[in-house]
Amino acid sequence: MPKSRVRKKGDYTPPPKATTGKAAMSGRWVAPTMVTLFLLGLAWIVVYYISSGSLPIEAVSWWNLVIGFGFVFGGLMVATRWK
């Protein structure tokens, strides 16, 4: 049976280093803003359910849920910037 060829491995070259310093880190505002938006959205929805729809804004009725979930969605969008 014929012998298989042996592949010669090349020299190892490490991957380029990522940028270090402040460019690689998220801003100091990201985590507090994310947590604030999550809690604000949660509080908005809880207040709406506890008050049977009369609070936080009675005129928009069930759109209060959309507003609350909008805050939560905003928190998720900010969370994508967190490193």
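Bear in mind the structure is a predicted one, so any value in this text is a computation, not a measurement. (Residues numbered from 1 in each chain as written. Predicted model: local features only at pLDDT ≥ 70, side-chain atom pairs only at ≥ 80, totals over all residues. Heavy atoms only, no water.)

(A) Structural detail: the packing of helix α1 (residues 30-50) against helix α2 (residues 63-79). At their nearest, the axes of α1 and α2 sit 8 Å apart, and the two run at 165 degrees to each other. Judged by the inter-axis angle, α1 sits roughly antiparallel to α2. Considering how the two elements wind past one another, α1 and α2 form a crossing that is left-handed. When α1 is examined against α2, the residues V30, T33, M34, L37, F38, L40, G41, L42, W44, I45, Y48 and Y49 are found in contact with a partner set consisting of N64, L65, I67, G68, F69, F71, V72, G74, G75, L76, V78 and A79. Its residues placed into classes, the contact of α1 with α2 shows 18 nonpolar, six polar and no charged. (Axes fitted to C-alpha atoms, helices over the stretch in contact; angles between N-to-C directions. Helix = DSSP H or I, 4+ residues; strand = E, 2+ residues; numbered from the N terminus. Parallel < 35°, antiparallel > 145°, perpendicular 65-115°, else oblique. Left-handed = near helix turned anticlockwise from the far one by under 90°. Contact = heavy atoms within 4.5 Å. Nonpolar A, V, L, I, M, F, W, Y, C, P; charged D, E, K, R; others polar.)

(B) Highlighting a nonpolar patch on the surface. A cluster of nonpolar side chains, contributed by V35, L39, L42, V46 and I50, occupies part of the molecular surface with about 480 Å² of accessible area. The topology assignment puts V35 in helix α1. Exposure remark for V35: the relative accessible area of 41% places this residue in the partly exposed category. (Patch = residues over 30% accessible without salt bridge, like charges linked within 9 Å, V, L, I, M, F, W, Y side chains within 5 Å. Areas by Shrake-Rupley, 256 points an atom, 1.4 Å probe, with all protein chains shown as cover. Salt bridge = Lys/Arg side-chain N within 4 Å of Asp/Glu carboxyl O. Buried < 20%, exposed > 50% of the residue type's maximum accessible area, 1.4 Å probe, protein only.)

(C) Main features of the environment of F71. Tracing the backbone shows F71 in helix α2. As a C-alpha pair, F71 and L55 span 16 residues in sequence and 16 Å in three-dimensional space. Not counting residues within four places of it along the chain, the set of residues in contact with F71 comprises L37, L40, G41 and W44.

(D) Focus on the packing of aromatic side chains. Enumeration according to the criterion identifies three aromatic pairs in this entry. Centre to centre, the rings of W62 and W63 are 4.7 Å apart; their planes meet at 25 degrees, and the pair counts as stacked. (Phe/Tyr/Trp six-rings, centres within 6.5 Å; stacked < 30°, edge-to-face > 60°.)

Note that every value here comes from positions in space, so none of it alone points to a role or purpose.
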